[in-house]
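Per-entry structural report
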There are 2 protein chains.
Amino acid sequence: SGLTLGAEAITARCAFLAEADQLKRIDRATTLCDGSRQENSAEHSWHLALYALALADHAPIDVSIFRVIRMLLLHDLVEIDAGDAPIYAQTEASQKEIAQAELAAADRIFGILPASEGAALRALWDEFEAAETADARFAKALDRFQPPIQNLASGGLSWKRNGVGFDMIEARVGATIRRSVPLLWQHIAPRIRAVTGI
Amino acid sequence: SGLTLGAEAITARCAFLAEADQLKRIDRATTLCDGSRQENSAEHSWHLALYALALADHAPIDVSIFRVIRMLLLHDLVEIDAGDAPIYAQTEASQKEIAQAELAAADRIFGILPASEGAALRALWDEFEAAETADARFAKALDRFQPPIQNLASGGLSWKRNGVGFDMIEARVGATIRRSVPLLWQHIAPRIRAVTGI
Ligand SMILES: [Ca+2]
């Protein structure tokens with residue numbers, strides 16, 4: 001139809017995609033594997049989608065990898081307005097503030113798209129945030145699994161920088177991984193213990 | 001099975017994913033929309049997958065967006081070994097050399113994965129490179145469509161830097177876009193003409 005296929009729809013989609021470009025400027029606490037610099041949220045999102053592809057065999061049986069990948073491609077767009085909140089620095093009060101900023105960001109950013117398309121992508125983002133479906137829980141698990149892999153590769157660089165120990169990693173990362181794919185947590189827990197030394 | 005779900009398979013997949021991290025260090029000729037720095041191939045791959053999601057309504061009817069996104073997530077991994085070859089700098093001789101380096105890179109990088117999984121992802125990369133299927137042609141069209149959008153946003157920064165005019169853009173970029181989605185080329189061609197001034 002004219003609404004989804006006309007020149008106006010292309011213009012809106014290209015405006016959304018140009019807006020998304022700004023995610024490349026949001027730096028995260030985690031470094032690249034070689035420790036040379038911090039990772040940004042755009043390349044992190046790409047890496048997570050690749051994690052979903054490569055680790056698809058480990059997903060619970062009711063998971064749709066395509067839906068997971070769509071969630072992962074979108075999940076950090078709100079950081080363009082709200083910034084990245086390092087997981088080990090969060091408090092209950094800061095989480096509430098962040099959640100509000102992210103909701104406003106989602107309204108604005110998905111609102112750039114034609115209405116029905118924006119609503120569909122926004123629904124995927126809401127589902128990811130709620131972490132109640134099997135797809136969202138697997139996506140969240142990957143979002144928690146990738147940073148420790150980067151950290152282990154760099155000898156625990158950002159854990160040491162931020163004074164993070166095993167118990168905190170287990171509470172803020174391990175629990176979310178284990179809820180979807182216990183095996184992935186079992187795989188890295190002993191390696192994390194060895195690097196954090198506790 | 002033990003082959004795809006055991007500890008060895010996880011170790012191989014994590015090694016592949018850690019190897020993929022190096023794509024974040026491969027810089028392309030194109031800059032971010034604001035011209036602040038060159039884009040790297042990892043964040044470029046994320047952006048292309050998002051293009052596929054947002055522009056899915058414009059894909060030819062026989063295209064599978066999930067297959068396209070899988071191709072786009074993988075398509076530049078070979079640059080970890082072979083580097084990025086800016087499209088406007090390529091000659092027939094350089095293209096032959098690049099193609100050989102990329103084949104060797106594909107053998108090495110997909111070879112890190114468990115055999116059947118590596119073969120499946122390698123087949124998607126081969127299909128993308130051959131550009132003969134509808135999925136591969138749509139993926140290629142997006143790979144050619146995104147850089148001009150970045151370039152237009154920055155006032156044609158990397159075209160000016162590299163002395164690239166409209167005819168060259170039409171030949172090396174326009175033709176590939178038009179072959180899959182004529183409307184997308186029609187959308188940007190007049191804007192490119194206005195910026196390149198020819
Ligand atoms: Ca490339």
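Scroll up to find the structure.
Definitions and cut-offs
- Residues numbered from 1 in each chain as written.
- Chains lettered and ligands numbered in written order.
- Predicted model: local features only at pLDDT ≥ 70, side-chain atom pairs only at ≥ 80, totals over all residues.
- Heavy atoms only, no water.
- Helix = DSSP H or I, 4+ residues; strand = E, 2+ residues; numbered from the N terminus.
- Rg over C-alpha atoms; globule rule 2.2 N^0.38 Å.
- Donors = N, O, S within 2.8 Å, 3.2 Å for Na, K, Ca; no water.
- Contact = heavy atoms within 4.5 Å.
- Buried area = accessible area lost by both parts, 1.4 Å probe.
- Salt bridge = Lys/Arg side-chain N within 4 Å of Asp/Glu carboxyl O.
- Polar contact = N/O pair within 3.5 Å; in protein donor to acceptor, adjacent residues only side chain to side chain.
- Nonpolar A, V, L, I, M, F, W, Y, C, P; charged D, E, K, R; others polar.
- Buried < 20%, exposed > 50% of the residue type's maximum accessible area, 1.4 Å probe, protein only.
- Pairing = 2+ DSSP bridges.
- Phe/Tyr/Trp six-rings, centres within 6.5 Å; stacked < 30°, edge-to-face > 60°.
- Lys NZ or Arg CZ within 6 Å of the ring centre and 35° of its normal.
- Axes fitted to C-alpha atoms, helices over the stretch in contact; angles between N-to-C directions.
- Parallel < 35°, antiparallel > 145°, perpendicular 65-115°, else oblique.
- Left-handed = near helix turned anticlockwise from the far one by under 90°.
- Least-squares fit on C-alpha atoms with pLDDT ≥ 70 in both.

**Focus on the overall build of chain A**
A count of helical and extended segments in chain A gives 11 helices and 2 strands. Each helix and strand of chain A, placed in order from N terminus to C terminus, yields the pattern α-α-β-β-α-α-α-α-α-α-α-α-α. Whereas a compact globule of 198 residues would reach a radius of gyration of roughly 16 Å, chain A reaches 17 Å, a difference of no more than 12%. In terms of its C-alpha atoms, chain A occupies a principal-axis envelope of roughly 60 × 35 × 30 Å.

**Some remarks on the coordination of the calcium ion**
Taken together, Asp-76 of chain B (OD), Glu-79 of chain B (OE) and Asp-84 of chain B (OD) make up the full set of protein donors to the calcium ion, lying 2.5 to 3.2 Å away. Read in sequence order, the donor residues for the calcium ion give the motif D-x2-E-x4-D.

**Brief notes about the interface of chain A and chain B**
Taken together, the 49 residues of chain A in the interface contact 49 residues of chain B. A per-residue breakdown of the area chain A buries against chain B is headed by Leu-17, Lys-24 and Trp-46 of chain A, which together make up 17% of the total. Along the contact surface separating chain A from chain B lie 6 salt bridges. Between Lys-24 of chain B and Glu-39 of chain A there is a salt bridge whose closest N-O contact spans 2.7 Å. Run the count over chain A and chain B and you get 24 residue pairs in polar contact (both at pLDDT 80 or more). The class makeup of the residues in the side of chain A that touches chain B is 28 nonpolar, 10 polar and 11 charged.

**Description of the pattern of salt bridges**
Counted according to the given criterion, the structure contains 32 salt bridges over all chains. With its nearest N and O atoms 3.1 Å apart, the salt bridge here joins Asp-57 of chain B to Arg-13 of chain A. Within this pair, whereas Asp-57 of chain B is found in the loop between helix H3 (41-54) and helix H4 (65-74), its partner Arg-13 of chain A is found in helix H2 (residues 7-20), the two belonging to separate chains. Here Asp-57 of chain B falls in the partly exposed class, since its relative accessible area comes to 41%. Classification of Arg-13 of chain A by relative accessible area gives buried; the value is 0%. One network of salt bridges, with partners in common, ties together Asp-21 and Lys-24 of chain A together with Arg-28, Glu-39 and Asp-84 of chain B.

**Some points on the pairing of strand E1 (residues 27-31) of chain A**
All names here are of chain A. Two elements, E1 and strand E2 (residues 38-40), share 2 bridges in a ladder whose sense is antiparallel. In the strand pairing of E2, Thr-31 is matched with Gln-38. Connecting E1 to the antiparallel partner E2 that follows it, the hairpin turn spans 6 residues, and Gly-35 within it adopts a positive phi of roughly 70 degrees.

**Focus: the packing of aromatic side chains**
Following the criterion strictly, the structure yields 7 aromatic pairs over all chains and no others. Between the aromatic rings of Phe-66 of chain A and Phe-66 of chain B, the centroid separation amounts to 4.6 Å while the plane-to-plane angle is 25 degrees, which identifies the pairing as stacked. Of this pair, Phe-66 of chain A sits in helix H4 (residues 65-74) while Phe-66 of chain B sits in helix H4, which puts the two residues in different chains. The residue whose ring lies beneath Arg-193 of chain A is Phe-166 of chain A, and the NZ or CZ to ring-centre distance is 4.0 Å.

**Some points on H4 of chain B**
Each turn of an α-helix holds 3.6 residues, which means side chains three or four residues apart point in the same direction. Of all 10 residues in H4 of chain B, 7 are buried, a share of seventy percent or more. Listed as buried for H4 of chain B are Ile-65, Val-68, Ile-69, Met-71, Leu-72, Leu-73 and Leu-74 of chain B. Contacts from the buried residues of H4 of chain B go to helix H3 (41-54) and H4 of chain A together with H3, helix H6 (92-110), helix H7 (115-130) and helix H8 (134-153) of chain B.

**Description of the packing of helix H6 (residues 92-110) of chain A against helix H7 (residues 115-130) of chain A**
Residues and elements named next belong to chain A. Two numbers describe how H6 lies on H7: the axes approach to 9 Å, and their chain directions differ by 155 degrees. As far as their axial angle goes, H7 and H6 are roughly antiparallel. Handedness of the crossing formed by H6 with H7: right-handed. Here Glu-102, Leu-103, Ala-106, Asp-107 and Phe-110 of H6 lie close against H7, whose contacting residues are Gly-118, Leu-121, Arg-122, Trp-125 and Glu-129. Residue composition of the contact of H6 with H7, by class: 5 nonpolar, 1 polar and 4 charged.

**A short note on the relation of the copies chain A and chain B**
Placing chain A over chain B gives an RMSD of 0.0 Å and needs a rotation angle of 180 degrees, together with 0.0 Å of translation along the axis. In symmetry terms, the pair is related by a two-fold rotation axis. A share of 100% of the interface residues of chain A reappears at the interface of chain B, consistent with the copies meeting face to face through the same patch.

**Thoughts on unusual backbone geometry**
As a rule of thumb, non-glycine residues mostly have phi less than zero, and peptide bonds are mostly trans rather than cis. Residue and element names in this part refer to chain A. With a phi close to 55 degrees, Ala-131 is a non-glycine residue in the positive phi region. In this structure, Ala-131 sits in the loop between H7 and helix H8 (134-153). Looking at Ala-131, the relative accessible area reads 9%, which means it is buried.

**Overview of the side chain of Arg-144 of chain B**
Residue and element names in this part refer to chain B. Looking at where Arg-144 falls in the secondary structure, it is placed in helix H8. By relative accessible area, which is 17% here, Arg-144 ends up buried. Dropping the residues within four chain positions of it, Arg-144 is found in contact with Ile-87, Arg-172, Val-173, Thr-176 and Ile-177.

**Quick look at the environment of Lys-160 of chain A**
All names here are of chain A. Following the sequence through the fold, Lys-160 ends up in helix H9 (residues 157-161). Judged by relative accessible area, Lys-160 falls into the exposed class, the value being 58%. Residues in contact with Lys-160, not counting those within four places in the same chain, are Gly-155 and Val-195. Among the polar contacts listed, one links the side chain of Lys-160 to the backbone oxygen of Gly-155, at a separation of 2.9 Å.

Geometry only, nothing functional implied.
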